[in-house]
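# Architecture at a glance
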Amino acid sequence: MVTHGALTVYARIKPGMIEQLRSKLYEIHTPPNDIETNPIVPFKKISTIHFARFVILEEAKDLKGETIAPALVLSTNYDKPLNKHIEELVQTAGAGLEEIYQHCEGFEKGENLTAFFKKRKISCAAFYKGTPYRSVARILREAQLREDIADYIDREIKSDKTINANTLRTRIVEYIRSEKKYSWLNNNENPTFKWTVWFHISKILCILTLTPVAIAAALIAIIPIRIKERRDSSEKNVLEEEKILKLVKEEDKIVQNQLTHLVDIKPGWFRLITLKFVLSTINLLAIYKFNKGELGSIPSIHFARWVIIDNGRRLLFFSNFDGSWENYLGDFVDKAAVGLTGVWSNTMDFPKTKFLMFEGATDEQKFKTWTRAHQIPTQVWYSAYKLLSVQNINNNSAIREGLTEKMSDKQIKEWLKRF
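This report concerns the structure included in the present document. (Residues numbered from 1 in each chain as written. Predicted model: local features only at pLDDT ≥ 70, side-chain atom pairs only at ≥ 80, totals over all residues. Heavy atoms only, no water.)

## Quick word on the packing of aromatic side chains
Tallied over the entire structure, the rule returns 28 aromatic pairs. Taken together, a centroid distance of 6.2 Å and an interplanar angle of 50 degrees make the contact between Trp195 and Trp198 tilted. Pair noted here: Trp195 and Trp198 are both in helix α6 (residues 193-231), with a separation of 3 residues, about one helical turn. Seen in terms of ring centroids, Trp195 and Phe199 are 5.1 Å apart; in terms of plane orientation they differ by 20 degrees. Their pairing is stacked. (Phe/Tyr/Trp six-rings, centres within 6.5 Å; stacked < 30°, edge-to-face > 60°. Helix = DSSP H or I, 4+ residues; strand = E, 2+ residues; numbered from the N terminus.)

What follows is the structure, given as structure tokens:
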């Protein structure tokens, strides 16, 4: 069984080096280079990466007018353990990463890149996994398995109009068992019984200990929150046409999309603590409840994370999702508005909220305008399985399970519809 991690490396950019760094990142995905095989960071060779991105955070002013220096953020969604992942990153792409990070403070070519990453990695406040317990290798193997079986059906069986569902499945299973290349199917890659028992015990303990705390915190905070909401200034979201055009130009190139979003956290310790509390709650829900391919009831998110940066002054959000930006934001509004309003109501210029979690994102037009206004470009974005949606991945795993499970006639007919 494999679990997923979220690596975020935050490094200040040296004064005067931002344009050189931008050019170096541009080389990674610009012809004749290719994002998968480029000589700087050949992502395809790094077997532990699901998704990765480099993002430049431009110089900015915080709410007090103080300058926040520009920074480079590297994020990866990886197969644990972390040490093995960083080791593979450095071994596979060390020279190229040195070329990138020589533009950042605290690093010079030839220095220990592993130590640099570990020193500058920051924890995410909430992390969601849409395809839990599946490694990159497993996802790719199961996708190939589905294609191979579909080809076998077309080649060997489709012309036989008399074959029934039971016989068809039996022939598929016999075919797969006869091929040595599918010996990996004998490996148990799902959570073990022991792990499952531990998981449910920890879930019960979590509910018993944290529910009273959450209720008490909500009762104490609800009135101060409402007072602050009534005093919040109106939203000042400005859409810059040139920036929006650049963002849109990079969308919808494959079945998946990405979003990088950066916004100021409202001033004061109360808002910061409230934000951390909400994100901690979402993180626990992502672990114990939303662990079957849907966040809320949104079925299209591969990975998402929130990271509080710059000493609590800004909130960074990364998402890797299926379908268009419009559909993704529409799902937020229709299926997860309460939870997401609970997070972003603590940030600047978010649509007006009530009692932390209500209204806010339900105002679709204002929510989309706010999202676009605070969305920032992603300089480099990589997906290890760019043609697969979350539903594809889950379907492929169900096909695999169906090769060994006992099924009724009805279940067999349903299983065959997966091809």
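After that view, the rundown keeps rolling.
## Some points on the pairing of strand β5 (residues 71-79)
Most of β5 sits out of view: 9 of its 9 residues are buried. Covered by surrounding structure in β5 are Ala71, Val73, Ser75, Asn77 and Asp79 together with Leu72, Leu74, Thr76 and Tyr78, the residues of both alternating faces. Note: strand β1 (residues 4-12) against β5, 9 bridges, orientation antiparallel. Bridge pairing links Thr8 to Ser75 in β5. Here 8 bridges tie strand β2 (residues 49-57) to β5, and the two strands are oriented antiparallel to one another. Opposite Ile56, over in β5, you have Leu72 as the bridge partner. (Buried < 20%, exposed > 50% of the residue type's maximum accessible area, 1.4 Å probe, protein only. Pairing = 2+ DSSP bridges.)

## Points about the nonpolar core
Counting 45 residues, the largest nonpolar core has Phe54, Ile100 and Tyr101 as the members making the most contacts within it. Of all elements in the fold, only β1, α1 (18-29), β2, β5, α2 (82-101), α3 (113-120), α4 (136-157) and β12 (380-383) reach the threshold of two or more residues within this core. Per-element tally for this core: the top contributor is α2, with 6 residues. Those residues within four positions of Ile100 in sequence are excluded, and the remaining contacts are Leu21, Lys24, Leu25, Ile28, Ile40, Val41, Phe54 and Leu72. Of all hydrophobic cores here, the second largest spans 39 residues; its members include Ile225, Phe290, Ile301 and Ala361. (Core = buried A, V, L, I, M, F, W, Y, C linked by side-chain atoms within 4.5 Å. Contact = heavy atoms within 4.5 Å.)

## Some remarks on the sheet that holds strand β7 (residues 256-264)
Spatial ordering of the open sheet is given by β6-β8-β9-β7, a layout of 4 strands whose pairing is antiparallel. Edge positions in the open sheet fall to β6 (126-129) and β7, since each of these has one partner strand only. Here the average twist between neighbouring strands, direction ignored, is 10 degrees. Alignment of β7 against strand β9 (residues 314-322), held across 9 bridges, turns out to be antiparallel. Residue pairing across strands places His261 opposite Phe317, the latter belonging to β9. (Axes fitted to C-alpha atoms, helices over the stretch in contact; angles between N-to-C directions.)

## Details of helix α13 (residues 409-416)
Three or four residues apart is the spacing at which side chains of an α-helix point the same way, because the helix has 3.6 residues per turn. Those residues of α13 lying buried are Ile412, Trp415 and Leu416. Each buried residue of α13 sits inside an arc of 95 degrees when the element is viewed along its axis, so together they form one side. Of the exposed residues in α13, those oriented more than 90 degrees away from the buried face are Lys410 and Lys413. Considering only its buried residues, α13 is in contact with α5 (165-178) and α12 (390-402). (Arc of directions from axis to C-beta.)

The values are spatial; any link to function lies outside them.
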